[in-house]
Amino acid sequence: MVEAVLIDLFSLPANLQNNIQGLLHNTLEAIEKFSAIHAPCVYVMCCQRQGSERKGEQEFLLAALRGFQSPRRRLEVVCAQTTAAALYTIKQRLDEKDLTIIKVMLPTLRKDLMKVYIDHLFTAVYQFEFEDLQVISDSENLQISEHQHEGQMVPSQDVALIRSEIQMYLESLPSLKGELTILRSSLIPDDIFLHGFTTRTGGISYIPTLSSCNLFSSSKRRDPQVVVKENLRRLANAAGFNPEAFHRVKVDHANAVCIMGKREPDNYDGIVTDQKGVTLAAPGADCIPVLFADPVRRACGAAHSGWKGTLLGVSMATVNAMVSEYDCNVKDILVVLGPSVGPCCYKLPHESAKEFHRIDPKCVRLFDSASPFIDIRRATRILLERGGILPEHIQDDSITDQNLNVTFCTACHPDKFYSHFRDGTNFGTQIGFISIKD
């Protein structure tokens, strides 16, 4: 069942622009007569023209809509200067109402272009179906056609223009939830390395559980890649790294490690490099983003360590890669554990808890319960120390000076961090990042 209807009148022909009232009236009647759509929300997308035309145009639109307002149907006109701005505004309305099944009614010649906009601004969470609006220039009427025309390939230069339009619009949006904030560790020398852990503020993601500096896009979530890219651009500007030389691990919840400059594995949770100016990153939304730095050999790494990766030893696998690839001495490597779910909040089924109990009984609290509390940070520290990392070269939540702490509990601080454990499946993601300065 269609949940919303989008009527695209953005490219209204010039000879119809003075008859918006009649155009809308006939369009909405056509929806009732031909489509038989029981949709609570209808959005009309129009071009916002400059000057005195704007006020008069909106008055016409409001007059045209009076006969279609009812408790059963909510109808809204969205006027904007660009398609990207109008469509992104409508996306926000859809997300506010948790709507995902949308019928798009538009002129035939706009269909392929609109699909490009939708591919960039939406994810696979949404379902779109298209219906042609046959606009006849010398008539006040619109004719509805169910016939689906064979899509034409949009020229690459048009796709590039659409991408540029979207990018410029997103760059113009204000930051949400305050300024962008980066946490830095005093353990990693800032004269050699650029590093930090992000919080959730300072981006443009607006969905509550993703707001605002979400740094991961998924087909299962509502934040599209273009929004995550804009959040990353803002982070890069604030932190001082090149977003075009940014490499995030491909999460597999295992222990594979990618060596920059060598063949990239299909999936990996650790990544290392000795190249200057290349930024490595690991995501976290309860899982630990772990950063590694060797100031002697000038090498660095990042790892994503959830409970599975912790048990599989992903942190030591990253250390071992630095030792084997860059001749690092394990005793020179510094390791910092970023914001992650703490032992105060994190539970696992008893069978999984047994594995942590084998590492050290102190990694588990209420061991005899069905879902014991787990300390994946302590387990990570123990495995690193067993692998040869010096205890004083590991920073985690055991730090005594809380003013220097970067290993906050993500579940306990909803104002600062995302948490899958707390927020559910449509959760946002922060990252830990590191690079070697030029």
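Right above here is the structure, for reference.
Read on for an overview of the structure. Since the model is a prediction, treat every value here as computed from it, not as a measurement. (Residues numbered from 1 in each chain as written. Predicted model: local features only at pLDDT ≥ 70, side-chain atom pairs only at ≥ 80, totals over all residues. Heavy atoms only, no water.)

### Some points on the nonpolar core
How we decide: Buried residues of nine kinds, namely Ala, Val, Leu, Ile, Met, Phe, Trp, Tyr and Cys, make up a nonpolar core once their side-chain atoms join them within 4.5 Å. The buried label applies to any residue whose accessible area, calculated with a 1.4 Å probe on protein chains only, is under 20% of its type's maximum; exposed applies above 50%, and partly exposed to all values in between. Put simply, DSSP marks the helices as runs of H or I at least four residues long and the strands as runs of E at least two long, and each gets a number from the N terminus on. Residue ranges for the domains originate in an automatic or database domain assignment. Here, residues are in contact when the closest pair of their heavy atoms is within 4.5 Å.
With 40 residues, the main nonpolar core has Leu 87, Met 114 and Leu 170 as its most contacted residues. Going through the elements one at a time, β1 (4-8), β2 (41-47), β3 (74-80), α3 (83-96), β4 (101-107), α4 (111-121), α5 (156-172) and α6 (225-239) are the ones with two or more residues in this core. In terms of residue count, α3 provides more of this core than any other element does, seven residues in total. Lining this core are residues from two domains, each supplying at least three of them: domain 1 (4-135 + 156-172) and domain 2 (182-436). Dropping the residues within four chain positions of it, Met 114 is found in contact with Asp 8, Met 45, Thr 83, Leu 87, Val 104, Leu 106 and Phe 130. Counting 38 residues, the second-largest nonpolar core is a separate cluster that includes Ile 288, Ala 303, Leu 337 and Ala 379.

### Things to note about the packing of helix α8 (residues 314-326) against helix α10 (residues 376-386)
Helices that pack against each other are described as a pair by the angle of their axes relative to one another and the distance between those axes. Here is the rule: Here an angle of 0 to 180 degrees is reported between the N-to-C directions of two axes, which are lines fitted to C-alpha atoms, with helices fitted over the stretch in contact. By definition, turning the near helix anticlockwise from the far helix through less than a right angle yields a left-handed crossing, and turning it clockwise yields a right-handed one. Here the term charged refers only to Asp, Glu, Lys and Arg, the term nonpolar to Ala, Val, Leu, Ile, Met, Phe, Trp, Tyr, Cys and Pro, and the term polar to all other amino acids, Gly among them.
Viewed as axis vectors pointing N to C, α8 and α10 meet at an angle of 35 degrees, and their least axial separation amounts to 9 Å. The two elements α8 and α10 cross, and the hand of that crossing is right-handed. Residue-level inspection shows Ser 315, Met 316 and Val 319 of α8 in contact with α10, the latter providing Thr 380, Leu 383 and Leu 384. Across the contact of α8 with α10, the residue classes tally to four nonpolar, two polar and no charged.

### Some details on helix α9 (residues 350-359)
Rules: This arc is built from the directions going out from the helix axis to the C-beta atoms.
All of the buried residues along α9 are Ser 352, Ala 353, Phe 356 and Ile 359. Buried residues along α9 cover an arc of 100 degrees about the axis, so they all sit on one side. The outward face of α9, more than 90 degrees from its buried face, is lined by the exposed residues Glu 351 and Arg 358. On its buried face, α9 is in contact with α7 (307-311), β16 (364-365), β17 (373-374) and α10.

### A look at unusual backbone geometry
Only a minority of non-glycine residues have a phi that is not negative, and only a minority of peptide bonds are not trans. The step from Ser 211 to Ser 212 runs through a cis peptide bond, and the omega angle for that step is 5 degrees. Even without glycine at this site, Asp 98 takes up a positive phi of about 60 degrees. By the secondary structure assignment, Asp 98 is in the loop between α3 and β4. Judged by its relative accessible area of 54%, Asp 98 falls in the exposed class. Positive phi values are uncommon outside glycine, yet Lys 177 reaches one of about 60 degrees. Within the secondary structure, Lys 177 is located in the loop between α5 and β7 (182-183).

### What to know about α6
We apply this condition: What a helix should span is 1.5 Å times the count of its residues minus one.
Between the first and last C-alpha of α6 there are 20 Å, a value that for 15 residues agrees with the 21 Å anticipated at 1.5 Å per step. Listed in full, the buried residues belonging to α6 are Val 226, Val 227, Val 228, Glu 230, Asn 231, Leu 232, Arg 234, Leu 235, Ala 236 and Ala 239. Immediately beyond the C-terminal end of α6, within one or two residues, lies Gly 240, with a positive phi of roughly 95 degrees.

### What about the environment of Leu 87?
Structurally, the position occupied by Leu 87 is in helix α3. Leave out the neighbours within four places in its chain, and Leu 87 touches Leu 6, Met 45, Met 114, Tyr 117, Ile 118, Leu 121 and Phe 122.

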